[in-house]
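Observations on chain architecture
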Amino acid sequence: MAPRSRNQTPEEKAADRELQDYVLYGILAALLVLYVVRYLHRRASRLDRSKVKAEYDYIVVGSGASGCVVAHRLITQDENATVLLLEAGADDMDHDKILYGSYCYDLIGSVIDWAHKSPAEPLLENRELKHSSGKVLGGSSAIDEGIYQRPPACELDGLAKLGVIGWSYEDCLPYFTKSETSGIEEKTAHHGTTGPLMTGFAPVRGPIGKLAADAAAEMGVCKNYDSNNAAAKSGTGVSPTQVACNKKGYRQSAATAFLRPLLKDRSTSSRLTVRTSAVVTAITWHDAAKGEGERKASGVEWANASSLGTKRQVKCRKRVVLCGGAIETPAILLKSGVGSDKSSTLKNAAVGKNLRDNLKVPLIYQTKQGTSFDNCNIHSVMQWVAYKFSGSGTILSYPCDTLLLLNKATHGFKNSWGDETKPADMLAAAKGKSADVFVSVLSKGGFRRLEWAARGISDHVGRFNEAMTFNVTVAQRYVPRVLPPEGNGSVKLDDNGNVVASVCCVRSDEDLTQLAPAIRFCRRLANTDPLRLVLTSREAVDVTLLSAIDPLEAVNVMYGPKAIRRRKTNNMPPDDLVELKAIQSDIDSDMYLLKYVKKHGQPLGSPCGSCSLAPLKGLDGEIIPSAVDPSNLKLRGAANVHIADASVIPVPLTVPMRATEYMIGERAAAMILKQS
């Protein structure tokens, strides 16, 4: 077609304007149609919040990973059962970002995060630690990093030493595989192929994760294609991260995998009621008969989140299953009169005790332009268009690219479990070189929207255009026990009936020093040839901590290619994290690393132990019976109340808890159906 003449007639100009108007109106009409279709889909998927019957066969409290599994199995395997699932948080359909794993750090610390606060921790500079927990349908599986990683076999096998019989890795493996449909090409007996939860490698991986794996291999860490298959052995090695996502790359939360299919099916939706914004305040009990051994729950008391003063009751014909997590589950039990106080109507001294988690420490490095996901705007329209039309783009990325599971003795760490210096009440690992150090490699430098991020780290990352992070965790395998003082590592109620949760991440400076060798290992990892291709070798160093070591030492602060000589002075900003070219002995000293861990350590995000399957060691050395019976997950002292969440695991695991929670849900459902 010949180009138009520049000297157009008025009629031609009018025709061009009319054509432009038609194009504009067409685009607006298409957007309107998309909006209407989206609105109708969301409206059809939104839960009916008005219908709650007076009585159900089963009441499940909490819609996290285990709660959704329990509800799913009770409905699908008992054709006549009616189930009520109560969730205190919001409907997941009201939050679009849940669909994408790349948005997880926008969700943590948002309105759909409980963000429980622990009291000031003396060993961590009296900081208040925040513990992320999903306040939405799907629980933490809807807002976390999406990592699907089973614990090393030795950790579950070690539970037998604590008196937890029937929970070895071999006992639990059928329930791990029952939940999942693995997208990994090399299928083994350690993966499922028919479960509702779709798992596999992250759809998009950046260069950092692959090079980190090469770097670890250069340092003698074995490469594993499948970390969950390796978990059946020692668990050690470096592997690409496995996540819970479907074939399109959408996040597979527990609600997406286990609840939504049931709500769309008429044969099951009529028997399953899911109620959001429903805060369970207590379990209701039948009047205890004289001489009766166990108390029987009659139902639960709950209230709408917007009107907590108006209490309602719903009855259960068979069983109540608590799946609220390691903080909410014991809190509900304490409000229901379960505990060790004089006023408790059901004595169970282990409820609310032994609340624990591991500590993680971020180690941040600057990366070269275009190698991390920091400078990729996952919120942009172009990324969304790239995904919709080509099925690619950073919107499908997950923060964690690569996982390292290490053994302290094998990889040259000090203070391994086999040392003579290990504390007397620390559990020895199983025979062999089992994993006890967990390092997640993030293709991102920091998380600006995280309220619980260490002060200064997010500001510092803003100075790096792009960065990567090693999140370092060392497992603290202590015998479950009541810790002094009473408030340390416990869930309790204050005088006003409010929940006070103190999660024990460390017990002494000795625990903190065990992180130092792991941090040094990651520093050596950052200096290998593969990672030098993407890193500038500039580590985030806290100047204030160096000043505490040597206040007179001059520091070379690097901003771009120019080095500026700057002396530490009293007017330096209190949390000034800068790119530091300092004397290596300073930043590698035990004193600096100890102070760094104290200032920037955060909970791993997998609290457990508050309703333990294992007996606890009391303050006076007495043995306190376990809160939950391992053979059936029943609350001791109750005839028809079951606990099915991370609170039953007596010791923190080396890896995040999500895969284990799915397994607990499967086991709980099987045990309940067998008894019913």
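The next point concerns the overall build of the protein. Secondary structure summary: the protein contains 19 helices and 28 strands in total. Roughly 28400 Å² of accessible area belongs to the protein as shown, and the carbon and sulfur atoms make up 53% of that amount.

Throughout the structure, instances matching the rule amount to 7 aromatic pairs. Through a chain of ring-to-ring contacts, three or more aromatic side chains come together here, namely Tyr-100, Tyr-103 and Tyr-250. The ring centre of Trp-114 lies 4.6 Å from the NZ or CZ of Lys-135, which sits over that ring. In this structure, Arg-667 is placed above the aromatic ring of Trp-167, and the distance from its NZ or CZ to the ring centre is 4.3 Å.

Next up on the list: a nonpolar patch on the surface. Together, Leu-19, Tyr-22, Val-23, Leu-24, Tyr-25, Ile-27, Leu-28, Leu-31 and Leu-34 make up an exposed nonpolar region whose accessible area comes to about 960 Å². Within the element layout of this structure, Leu-31 appears in helix α1 (residues 10-45).

In space, the 3 strands of this open sheet follow the order β5-β6-β8, with mixed pairing throughout. Two strands close off the open sheet at either side, each with one partner strand: β5 (180-182) and β8 (242-244). Strand-to-strand twist in this sheet, taken as the mean axis angle between neighbours without regard to direction, amounts to 30°. As paired elements, β5 and strand β6 (residues 197-201) share 3 bridges and run parallel to each other.

Before going further, it helps to examine the pairing of strand β7 (residues 237-240). The two faces of the sheet receive side chains in turn, since in a regular strand these alternate between them. Both faces of β7 are covered, namely the face carrying Gly-237 and Ser-239 and the face carrying Val-238 and Pro-240. With 4 bridges joining them, β7 and strand β16 (residues 400-406) adopt antiparallel strand pairing. From the neighbouring strand, Gly-237 faces β16, where its bridge partner is Leu-405.

This part takes up the packing of helix α14 (residues 515-526) against helix α18 (residues 590-600). Interhelical geometry of α14 versus α18 gives an angle of 100° and a closest axis separation of 10 Å. With respect to each other, α14 and α18 are oriented roughly perpendicular. In this structure, α14 contributes Leu-515, Ala-516, Ile-519, Arg-520 and Arg-523 to the contact, and α18 contributes Asp-590, Tyr-592, Leu-593 and Val-597. Looking at the contact of α14 with α18 residue by residue, the classes come out as 6 nonpolar, no polar and 3 charged.

Trp-167, Leu-333, Leu-404, Phe-470 and Leu-531 are the most contacted members of the largest nonpolar core, which has 139 residues in total. For this core, the leading source of residues is α14, giving 8 residues. Those residues in contact with Leu-404 that lie beyond four places of it in its chain are Ala-216, Gly-237, Val-238, Val-437, Phe-438, Val-439, Val-441, Phe-521 and Leu-525. In this structure, Cys-104, Ile-108, Ile-112 and Val-136 belong to the second largest nonpolar core, which totals 17 residues.

Its location among the elements puts Ser-443 in the loop between β17 (437-442) and α12 (457-463). Counting along the chain gives 41 residues from Ser-443 to Thr-402, while the straight-line C-alpha distance between them is 9.0 Å.

Along the chain, Glu-180 turns up in strand β5. Within the structure, the side chain of Glu-180 is placed 3.2 Å from the backbone nitrogen of Gly-192, a separation counted as a polar contact. Look past the residues within four positions of Glu-180 in its chain and what remains in contact with it is Tyr-148, Arg-150, His-190, His-191, Gly-192, Thr-193, Thr-194, Gly-195, Leu-197 and Thr-199.

Before going further, it helps to spend a moment on helix α5 (residues 169-179). Residues three or four positions apart in an α-helix share a direction because the helix packs 3.6 residues into each turn. Where α5 is concerned, the buried positions are Tyr-169, Cys-172, Leu-173, Phe-176, Thr-177 and Ser-179. End-on, the buried residues of α5 take up no more than an arc of 150°, which puts them together on one face.

With that settled, consider the pattern of salt bridges. In the structure shown here, the tally under the stated rule is 16 salt bridges. With its nearest N and O atoms 3.2 Å apart, the salt bridge here joins Glu-55 to Arg-317. With a gap of 262 residues between them, Glu-55 in strand β1 (residues 55-61) and Arg-317 in strand β12 (residues 307-322) connect regions that are remote in the sequence. Where Asp-529 meets Arg-532, a salt bridge forms, and the shortest distance between an N and an O atom there is 3.4 Å. Within this pair, Asp-529 and its partner Arg-532 are both found in helix α15 (residues 529-532), separated by 3 residues, close to a single helical turn.

Time to look at the confidence of the model for the protein. Chain-level statistics for the protein give a pLDDT mean of 81 and a share of 80% at 70 or above. Per-element mean pLDDT across the protein ranges from 32 in strand β23 (residues 562-567) up to 98 in strand β28 (residues 641-643). Per-residue pLDDT stays below 50 along residues 549-583; that stretch engages in 81 contacts with residues further than four places along the chain or on separate chains.

The subject of this paragraph is the packing of α5 against helix α19 (residues 658-675). It is the contact of α5 with α19, at a shortest axis distance of 8 Å, that shows an interaxial angle of 100°. With respect to α19, the axis of α5 lies roughly perpendicular. Every residue of α19 that contacts α5 at Asp-171, Cys-172, Tyr-175, Phe-176, Lys-178 and Ser-179 is listed here: Ala-659, Thr-660, Tyr-662, Met-663, Glu-666, Arg-667 and Ala-670. Broken down by class, the residue content of the contact of α5 with α19 amounts to 7 nonpolar, 2 polar and 4 charged.

Here we come to the pairing of strand β2 (residues 83-86). In β2, alternate side chains face the same way, and those of Val-83 and Leu-85 on one face and Leu-84 and Leu-86 on the other are all buried. Relative to β2, β1 runs parallel, the two sharing 4 bridges. Within β2, the position partnered with Tyr-58 by the bridge is Val-83. With helix α2 (residues 65-77) bridging β1 and its parallel neighbour β2, the resulting β-α-β unit is right-handed. In this sheet, strand β9 (residues 272-275) lies alongside β2 in parallel orientation, the contact comprising 4 bridges. Looking at β9, one finds that Val-83 is bridged to Leu-272.

About the criteria used
Residues numbered from 1 in each chain as written. Predicted model: local features only at pLDDT ≥ 70, side-chain atom pairs only at ≥ 80, totals over all residues. Heavy atoms only, no water. Helix = DSSP H or I, 4+ residues; strand = E, 2+ residues; numbered from the N terminus. Areas by Shrake-Rupley, 256 points an atom, 1.4 Å probe, with all protein chains shown as cover. Phe/Tyr/Trp six-rings, centres within 6.5 Å; stacked < 30°, edge-to-face > 60°. Lys NZ or Arg CZ within 6 Å of the ring centre and 35° of its normal. Patch = residues over 30% accessible without salt bridge, like charges linked within 9 Å, V, L, I, M, F, W, Y side chains within 5 Å. Salt bridge = Lys/Arg side-chain N within 4 Å of Asp/Glu carboxyl O. Pairing = 2+ DSSP bridges. Axes fitted to C-alpha atoms, helices over the stretch in contact; angles between N-to-C directions. Buried < 20%, exposed > 50% of the residue type's maximum accessible area, 1.4 Å probe, protein only. Parallel < 35°, antiparallel > 145°, perpendicular 65-115°, else oblique. Contact = heavy atoms within 4.5 Å. Nonpolar A, V, L, I, M, F, W, Y, C, P; charged D, E, K, R; others polar. Core = buried A, V, L, I, M, F, W, Y, C linked by side-chain atoms within 4.5 Å. Polar contact = N/O pair within 3.5 Å; in protein donor to acceptor, adjacent residues only side chain to side chain. Arc of directions from axis to C-beta. pLDDT = per-residue confidence, 0-100. Right-handed = clockwise from strand over helix to strand, strands pointing away.

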